[in-house]
Structures are given as C-alpha cells and as structure tokens.
Amino acid sequence: MHFSSLDKAKSSLEPKQAYFPLEFFDELSQAKTLGELLHSTSFWINQIFHSDRVSVTMQQDPNYLSLFAITGNKAIPIDRPIPIENTMVGSVFSQEKLAICNDTSTETLLDCQWLAEGGMMSCMDAPLKSEGKCYGTINIAHHDKGHFSEQDARVLSSLVSWIASQIRVQKQVVKMETLANIDTLTGILNRRAFIEATKLINNKPRAFDKNHALLIIDIDNFKSLNDEYGHLGGDEVLMAMARKIQSLKRKDDVFARIGGEEFVLLLGDISEQDSLHLAEKYRQAIEDMTVLFNKKKLKCTVSIGVSSPKPNDINFRDIIARADTALYNAKKSGRNQVARWIKGD
C-alpha cells in the first residue's frame, strides 16, 4: 500500500479515460436520505472506474468503520465491522489520505487480505472529508493487480470532496429529523420514517437486489389486553415487544412501528425461505417473553405476514399489500403463527 502524492508530476503512462455522466451529479444532488446518497455513490463510482467492487464506509465508534453500501463483489460483506487499526481503509480514514494497493495478496493489512481472498487483487481507498471532518471512505477494488494509477487517484480525489460535502449536508438533515422519525413510545422508527425508507426502493430499484422481504407483525388480541390491564399495561407490552425484536434483528434491517400494535420489519439481502425462518424466530421469542406490570406477568403472541418482491411489482406498495394479506391469513388461521403470501390469496 502507498499513499498517493497527487501534487507530483503526472504519470508518463497513458491514463485511463474516465467519464462523468451527468446523471451521477444529478442523482446525488437530489438524494433525499443518507442511505440513498451512499447507495447511489457506490453505484456510480463503480460505473465511472469500471471496477469490480465499490463500498462506502462510515465511522460507527472510535475503533471501527461500518460498511453502508456495496456495489459488486461481496469479498467483505456489509455486516462485517472493519477495525480502524491494521487495515488499509482505517489508515486512509485516520490519516485522511488516498491510498492505492497494487497487490492485495502481498499485504498484511486485514482488509487487503479479505479482498485477496475474494479475488480482488488491487484497491484504491479515499477519505470522505468535508470542512475538516472525515466521515468515512470510498473503497474501490478490481480483480487485476496494479489496476489503479495516479490518474485514477486524481479523478477520485476530485469526486470525493463533492461527495463528502453531500454527506455532510445529509447528516445535518438527519440530525434535525431524528426526533420526527422516532416513535415516542417504543424508541424505534415510526411510520413516517418507514415510508421514507421504502421510497429508496421505489425510486432507485437498482440500488437494491431483489433479495429483500417484508414482515408485518401484529400483536394478537391486543384490544383484550388493553381492556384487562389498561393502556399503561398495553404500552408496557408494546415497549417490551419492540425491545425484543430490536435486540434480535440484524443490524441493517429496518424496524418500525406503523400504528397501534402493528410493526414492520424490512429485511435486506435474504431469501424468501430465510425470511420465513427469521419470522418464526421472532414469533417464538415474543411467545416466550414475559412482561412484568403492576406485579403481574403479562404474556402475548404475534401473527406475522411475509412477502417478497415479484417481477411484476410496480412499487413497494405491492409488497406491503401481499404481506398484509398474509397477515390476515395468519390471523384467520388461529393467530400466533407466520404466514407467507401465496399466489391466489
């Protein structure tokens, strides 16, 4: 690995031709959420550099970076935390300098070894820095050794400053909107936040593969529970259920309360069969849960409807409608069970 010196004379090698599609700048400038911005960034950087993999990391705590978007090769999966120490991406983040690795197989840095194991033999990482703050990194990889040049470094450097400024603006917006997006009782996302999350799938379908699923989770006989223990007892059950799912769910899945006793869980990068297994895991965990209220032990169960994308879907509302139908069937079949949408329902 070497840090690129962008102020030195241009390489005598013939530079690769980079192009800057207008859609790239237009799409990023119009991004309405940080997630949309990061997914669009990884998609377009991959197009511009003709690479095999692009990822975006951001700092989550003092010791680790987290992957927030990936396009292409999954040599480093999105749910794997990346240490800042002993990694190339960590060095780029800490020193705020672009770096190139021409042969990942010879590096001792942890992330370079992961890339090499996944067939990515060269990489280039750049810091996302704006107004004196580094928010994370952009990481580009290719299967060929020595793929990235100083000319590539200049091109990437000219792009990351603008991308980082867009991230800074989005983070300011996120900070202001956080309270508006949180359900005050349970502390998880509310209906408004969930609708915003689904707009990314509606408007930028290429940012997602088709391997996602939706769970609609509804507490069984919640009105009877409220009638017997009062609204405070019902609130305790809602909060306990939300805490339980929140503790079990995968990091990047979107969990929200959309009204009353109804919750949704948007699962990413998952097969339909695995989504059913997860739904059953959550159902069982709620059935096993005990809620203490006024020296009484409250129990509850949930019914869960599951749906996945279909080729003819027009927008995300189609998935919601199928999951809602599956939930209705779970209730009709006796409650406390998981049901998936079946054609003809």
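Everything discussed here concerns the structure shown above.
Numbering of residues starts from 1 in each chain and follows the order in which that chain's sequence is written. Whole-chain, interface and lining totals are the exception, using all residues; otherwise, since this is a predicted model, local features are given only for residues with pLDDT of at least 70 and side-chain atom pairs are given and counted only at 80 or more. By convention in this description, side-chain values take in all heavy atoms of the structure and omit both hydrogens and water.

Q: Looking at this structure, how should I read the side chain of aspartate 220?
A: Here a helix means four or more residues in a row that DSSP labels H or I, a strand means two or more in a row labelled E, and each is numbered from the N terminus. For aspartate 220, the position within the fold is in the loop between β8 (213–219) and α7 (222–248). Any pair of nitrogen or oxygen atoms within 3.5 Å is treated as a polar contact; in protein, a donor-acceptor pairing is required on top of that, and neighbouring residues in sequence qualify only through side-chain atoms on both sides. Separated by 3.5 Å, the side chain of aspartate 220 and the backbone nitrogen of valine 302 make a polar contact. One polar contact links the side chain of aspartate 220 to the main-chain amide nitrogen of asparagine 336, over a distance of 2.9 Å. Residue contacts are counted whenever heavy atoms from the two residues lie within 4.5 Å of one another. Not counting residues up to four positions away in its chain, the partners in contact with aspartate 220 are Thr301, Val302, Ser303, Lys331, Arg335 and Asn336.

Q: I keep staring at the nonpolar core and nothing clicks. Help me out?
A: Proteins that are soluble and globular tend to have nonpolar side chains buried together. Here, nonpolar core means buried Ala, Val, Leu, Ile, Met, Phe, Trp, Tyr and Cys residues that are tied together by side-chain atoms lying within 4.5 Å of each other. Note on classification: 1.4 Å probe, protein chains only; a residue is buried when its accessible area is under 20% of the maximum for its type, exposed when over 50%, partly exposed between these limits. Formed by 32 residues in total, the largest nonpolar core has its most connected members in Ile45, Ile138 and Leu156. If sequence neighbours within four positions are ignored, isoleucine 138 has contacts with Thr41, Ile45, Val54, Ser55, Val56, Met124, Asp125, Ala126, Leu128, Leu156, Val160 and Ile163. In terms of nonpolar packing, the next biggest core, distinct from the first, is built from 31 residues, Ile188, Ile219, Ala279 and Val306 among them.

Q: Before we go on, may I ask you to explain the pairing of strand β3 (residues 64–72) in this structure?
A: The side chains of a regular strand alternate, residue by residue, between the two faces of the sheet. As paired strands, strand β2 (residues 53–61) and β3 are joined by 8 bridges and run antiparallel to one another. Along β3, the bridge assignment pairs methionine 58 with serine 66. At least two DSSP bridges between two strands are needed for those strands to be called paired. Sheet topology places β3 next to strand β4 (residues 82–83); 2 bridges connect them, and they run antiparallel. Within β4, the residue paired with leucine 65 across the bridge is isoleucine 82.

Q: Would you mind showing me how to read the pattern of salt bridges here?
A: Where charged atoms from two side chains of opposite charge come close, those side chains can pair. Any carboxyl oxygen of Asp or Glu within 4 Å of a side-chain nitrogen of Lys or Arg constitutes a salt bridge here. Tallied over the entire structure, the rule returns 11 salt bridges. Note that arginine 322 is salt-bridged to aspartate 313, the shortest N-O span being 2.8 Å. Here arginine 322 falls in the buried class, since its relative accessible area comes to 10%. Among the ionic contacts, a cluster of salt bridges with common partners joins Asp218, Asp220 and Lys331.

Q: What should I look at first to understand the state of the cysteines in this one?
A: In a disulfide, the sulfur atoms of two cysteines are covalently bonded to one another. Cysteine sulfur atoms that pair up within 2.5 Å are treated as a disulfide. For the coordinates displayed, the defined rule picks out 0 disulfides. Here cysteine 112 is not disulfide-linked; the sulfur of cysteine 101 is the nearest cysteine sulfur, at 4.2 Å. Overall, cysteine 112 belongs to the buried group, its relative accessible area being 0%.

Q: Is there a simple way to explain the environment of leucine 185 in this structure?
A: Mapped onto the fold, leucine 185 is located in the loop between α5 (150–177) and α6 (191–203). The residues touching leucine 185, leaving out its near neighbours within four places in the chain, are Asp235, Leu238, Met239 and Arg257.

Q: For this particular structure, what's the right way to read helix α9 (residues 316–332)?
A: Along an α-helix, residues three or four apart share an orientation, since each turn contains 3.6 residues. The span expected for a helix works out to 1.5 Å for each residue beyond the first. Along its 17 residues, α9 runs 25 Å from first to last C-alpha, staying within 8% of the 24 Å computed at 1.5 Å per residue. Of all the residues in α9, the buried ones are Phe316, Ile319, Arg322, Ala323, Ala326, Leu327, Asn329, Ala330 and Lys331. The backbone nitrogen of arginine 317 lies 3.0 Å from a side-chain oxygen of the residue at the head of α9, namely asparagine 315. Taken from the residues just after α9, glycine 334 is the one with a positive phi, measuring 125°.

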